[in-house]
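Tertiary structure, described
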Amino acid sequence: MKATIDKELLPMKAHYFLFNAGTAPVVPFMPTLAGQLGYSPAVVGTMYMILPIIGMLAKPLFGYIADRYHRHRSLFLGGQVLTGIAFFLIMFVPGMEKPLPKVEFHCHAGVSSVRFCSEYGECVEKNLEQYYGNRSLKCHLNCEAQPFMWDIVCQDWLQNKTDNCAANRTNSHMDFGTGINMQDIVDDKRCMFFMVPHDRGQIAGQNVTFNCPASKEYFKANCTMDCQEAYLKDQLAESAVINTSSAMSMPKFWLFFGLLIFSWVGMAVVVSIGDAICFGILGDRHHLYGKQRLCGSLGWGVFALLAGVLVDHMSVGEVDKNYTAVFWMALIIMGFDVFASSKLRHTQTHLSSNIVKDVGQMFLSLRCVIFFLWCVAIGLGTALIWNFLFIYLEQLDKAFEGCDSSIKTLEGLVMGIQCFGGELPFFFLSGWILKKIGHINAMSMVLFGFGVRFILYSMLQNPWYILPIELMNGVTFGLFYATMASYASIVAPPGTEATMQSLVGAIFEGVGVSMGSLIGGLLFESVTARTTFEIFGIGAFIIFVIHVSIQLYLQRSTNIDENGTVKYFAPTDAMHMLNDQEYSRVS
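Residues numbered from 1 in each chain as written. Predicted model: local features only at pLDDT ≥ 70, side-chain atom pairs only at ≥ 80, totals over all residues. Heavy atoms only, no water.

1. Let's talk about the environment of phenylalanine 371
Its place among the elements puts phenylalanine 371 in helix H13 (residues 366-397). C-alpha of phenylalanine 371 to C-alpha of tyrosine 487: the two residues are 116 residues apart in sequence and 8.8 Å apart in space. With residues up to four places along the chain from it excluded, the contact list for phenylalanine 371 reads Met443, Met484, Tyr487, Ala488 and Val504. (Helix = DSSP H or I, 4+ residues; strand = E, 2+ residues; numbered from the N terminus. Contact = heavy atoms within 4.5 Å.)

2. Considering the nonpolar core
With 123 residues, the main nonpolar core has Tyr39, Phe256, Phe327, Trp374 and Tyr457 as its most contacted residues. For this core, the element with the highest residue contribution is H13, accounting for 18 residues. With residues up to four places along the chain from it excluded, the contact list for tyrosine 457 reads Ile385, Leu389, Tyr392, Ile466, Ile469, Glu470 and Phe533. Among the nonpolar cores identified, the runner-up in size contains 42 residues, and Cys139, Ala145, Met149 and Ala221 belong to it. (Core = buried A, V, L, I, M, F, W, Y, C linked by side-chain atoms within 4.5 Å. Buried < 20%, exposed > 50% of the residue type's maximum accessible area, 1.4 Å probe, protein only.)

3. Considering the environment of leucine 128
Among the secondary structure elements, leucine 128 is positioned in helix H5 (residues 121-132). Looking at leucine 128, the relative accessible area reads 0%, which means it is buried. The sequence separation of leucine 128 and methionine 182 amounts to 54 residues, and the corresponding C-alpha distance is 7.0 Å. With residues up to four places along the chain from it excluded, the contact list for leucine 128 reads Gly133, Met182, Ile185, Met192, Phe194, Tyr231, Leu232, Gln235 and Leu236.

4. Structural notes on the state of the cysteines
Under the counting rule described, the total for this entry stands at 4 disulfides. Here cysteine 139 is linked by a disulfide to cysteine 227, with a sulfur-sulfur distance of 1.9 Å. Residues cysteine 139 and cysteine 227 share a disulfide whose torsion about the S-S bond is about 100°; that sign makes it right-handed. Pair noted here: cysteine 139 is in strand S3 (residues 136-144) and cysteine 227 is in the loop between strand S9 (219-226) and helix H7 (230-236), with a separation of 88 residues, a long-range link. Residue cysteine 139 shares its accessibility class with cysteine 227, and that shared class is buried. Each sulfur of the disulfide joining cysteine 143 and cysteine 223 lies 2.0 Å from the other. In this structure the cystine formed by cysteine 143 and cysteine 223 twists about its S-S bond by roughly 105°; its chirality is therefore right-handed. Highlighted residues: cysteine 143 in strand S3 and cysteine 223 in strand S9, separated in sequence by 80 residues. (Disulfide = S-S within 2.5 Å.)

5. A closer look at the environment of glutamine 461
In this structure, glutamine 461 sits in the loop between helix H14 (407-458) and helix H15 (466-469). Accessibility expressed as a relative area gives 53% for glutamine 461, which makes it exposed.

6. Re unusual backbone geometry
The phi torsion at alanine 109 lies on the positive side, around 55°, for a residue other than glycine. Using a relative accessible area of 46% as the deciding quantity, one classes alanine 109 as partly exposed. Phi at glutamine 228 takes a positive value of approximately 55°, unusual for a residue other than glycine. Here glutamine 228 lies in the loop between S9 and H7. Classification of glutamine 228 by relative accessible area gives exposed; the value is 65%.

7. Things to note about the pairing of S3
Judged by which residues are buried, S3 turns out to be one-sided: Leu137, Cys139, Leu141 and Cys143 face inward and are buried, whereas Ser136, Lys138, His140, Asn142 and Glu144, on the alternate face, are not. Sheet analysis places S3 next to strand S4 (residues 173-181), joined by 9 bridges and oriented antiparallel. Within S4, the position partnered with lysine 138 by the bridge is glycine 179. In terms of strand pairing, S3 meets S9 through 4 bridges, oriented antiparallel. Bridge pairing in S9 links asparagine 142 to threonine 224. (Pairing = 2+ DSSP bridges.)

8. So, the pairing of strand S1 (residues 102-108)
Where a strand is regular, its side chains alternate between the two sheet faces. Burial analysis of S1 places 5 of its 7 residues in the buried class, the great majority of the element. Pairing analysis gives 6 bridges linking S1 to S9, with the strands arranged antiparallel. In the strand pairing of S9, phenylalanine 105 is matched with alanine 221. Summarising the sheet, S1 and strand S2 (residues 111-117) pair through 5 bridges and their orientation is antiparallel. In the strand pairing of S2, histidine 108 is matched with valine 111. Turn length for the S1-S2 hairpin, with the two strands adjacent in sequence and antiparallel, is 2 residues, and the turn residue alanine 109 shows positive phi of about 55°.

9. A closer look at the packing of aromatic side chains
Per the stated rule, a full pass over the model turns up 42 aromatic pairs. For the pair tyrosine 39 and phenylalanine 256, a centre-to-centre distance of 6.0 Å together with 15° between the ring planes defines the contact as stacked. Placement of tyrosine 39 in the loop between helix H2 (30-37) and helix H3 (41-69) and of phenylalanine 256 in helix H9 (residues 251-282) is noted, with a sequence separation of 217 residues between them. As far as burial versus exposure is concerned, tyrosine 39 and phenylalanine 256 are alike and both buried. (Phe/Tyr/Trp six-rings, centres within 6.5 Å; stacked < 30°, edge-to-face > 60°.)

10. Some words on the side chain of serine 341
As for its position among the elements, serine 341 is in helix H11 (residues 324-341). Here the side chain of serine 341 touches glutamine 80 through a polar contact of 3.0 Å, side chain to side chain. For serine 341, the contacting residues outside a window of four places in its chain are His15, Phe76, Leu77 and Gln80. (Polar contact = N/O pair within 3.5 Å; in protein donor to acceptor, adjacent residues only side chain to side chain.)

11. So, the pattern of salt bridges
Within the structure shown, the criterion is met by 6 salt bridges. In this structure, arginine 115 and glutamate 104 form a salt bridge, with 3.2 Å as the shortest nitrogen-oxygen distance. Here arginine 115, found in strand S2, pairs with glutamate 104, found in strand S1; they are 11 residues apart in sequence, far enough to count as distant. Look at arginine 115 and you get partly exposed, because its relative accessible area is 22%. The partner of arginine 453 in a salt bridge is glutamate 470, and the shortest N-O contact between them spans 2.7 Å. Linking arginine 453 in helix H14 with glutamate 470 in the loop between H15 and helix H16 (473-491), this pair joins segments that are 17 residues apart in sequence. Across the pair, exposure class does not vary: arginine 453 and glutamate 470 are buried alike. (Salt bridge = Lys/Arg side-chain N within 4 Å of Asp/Glu carboxyl O.)

Here it is as C-alpha cells:
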C-alpha cells in the first residue's frame, strides 16, 4: 500500500519541530543559568512561581482575542517572534559580580604560602597552570589580624624599623602585598597552596621579608585576595548567592526576569493557539494529534542534546558554563519557525456567539472540574522536573566530577532520552492508547508514573543513573499532554477551541506549575533535594489513589451500560460526561 502524505499537515509538523528545537537549547537551562548568575533556589522558585501565572493570564486572554476577532495566525506568528527575541536578549544580562576570593595566608618556620580550598580544587589548579604558565602575580591581601600577628610583623617582618608599629596590635585587619608564582602550586586534595617567595612582601609602603620563626605562634590569617586578574578571580571566587529580598532591589534581576516574562508570554500564546490551530486542521481526527506533536519531541530531543554538548565544549577550562551558542540557536531556529508557520492555512469553522458563557459551562460539570484539578496536580510534579531536576543533578555531579565535568552533556542526554525514549513513542501511540484505555484511565496512569519517577529520583547517587529513569517521561509528559489536549478539544463547545486549550494550559501552568515551583524552591532550601523528590513522590501516589477512587465512584453513580455508553444525562452535560470508552465514540 502506497504511503500518503497529508500536505495540509506538513506546516503544522514543521512548526512543532522548529518551535521545540528553538526553545530546547534555552528553556531547560534557565534555572541553572539563574543560579550561575547568582540567584538562590528560593529566587528561582519565586520566578518560576510567577512565570506560569503570567502564562495563565496570557493564555485565556490571547485565546479569547484569537477566537473573538479571528486573529489566530497573526497572534501565533507574533508569539514566535517575541519568544525568539526575548530569549536571545537574555544572553546580554550581566550576572552578579563575584566577591574577592577567600584564602588563608600561612607563614611559619621559614615557609610562606597562600592556601585556597574548593570542591573543584584539582581542576582549578590545572586551569591556572595552563593559563598563566610560569608567570608571577602581584596580589594584595586584606587579612583578619590578631595581636600576636602584629608582633611578628613588627619584630620579624619590619624588624622594628617602623615607628608606632606596635600600636597596630588593636587593629583587627592588616593589608599587605605579596607575589605568587603560578607555576609553583602545591596540591593537597581539595586545597592548593600558592607558594610565596620570602622577599616579595610589602607592607606600609616598605618591602619586607616574610620571616615567621618556628619558635613563635603559627601565623595563619583569613584573607581576601585581589590580584587584579579577572581570570584568577573567576576561578577562585565563589558565586554570589542573592536571596529574594536582595534580588528585588537589583535592576539586573528585573532585566533578567522581565525578559523571561516576555518569553513566557510568547510561548504561552504559541502553544495554546498552535494546539487550537492543529485541532482545527485535524477536524474529527483528534486521535492524530499525538503524531503531529511527536515532531516537537523530535526537535526538542535533538537540539537539547546538541545544546548540552556545545555548552560543555565551549566551557572547557571555565568555572562557569558558556551559554552563548544556545541563545544564537534559539534566535535562528525561531526565525525558521516563523517562516514555516506562515505557510499554515487555517480557518475557524465554528464560531461561538458567547465564548465566556460557553466555556464557563465547563465548570458546571463535575467530570470537567476533576479534569481541571488533575491538570493542577500534574503541574505540581512537572514544575519540580522542569525547574529543579538539573539543579539536583548538578549537586550530585559535584561528588563525581570536577569543574570540567560533562554535566551539560548529561543534561542534554536526559532531554534526548525524555524525547526519543519517552515522549516520541507515547505521542505516536497516544491515539491507540486513549482508544484502548480511555482518558480517565490514562489520567490515573500519569499520576502513578509521577510517583514512581520521583521515588527513583530520591534514590539516585550517581547522576548518570538518571538516564533509564527518563524513559518514564513518555507517561508523565507524552501521555499526559496528549490526554490533556485531546480531552480539552473534545469537551470544548464549538467556536471556543482556542479559548479552551488556553484555559486548560493556564490551569496546568498558571496554577499547578506555579504552585509546584514555589513549593519546590522552598523545600530545596529547607530540606535536601533528595527529600524534596521523596515528598513529591509520596504525594503523587496519594493523589493517584484519590483520583482512582473518585472516578470509580462517579462511574458507578452514572447510569452506564455494559458498552460504556451513558444512558441518561442532562443535555448541557452531554460532552462533559465522557467515560472510559468515550474516545472511540467521539473520534
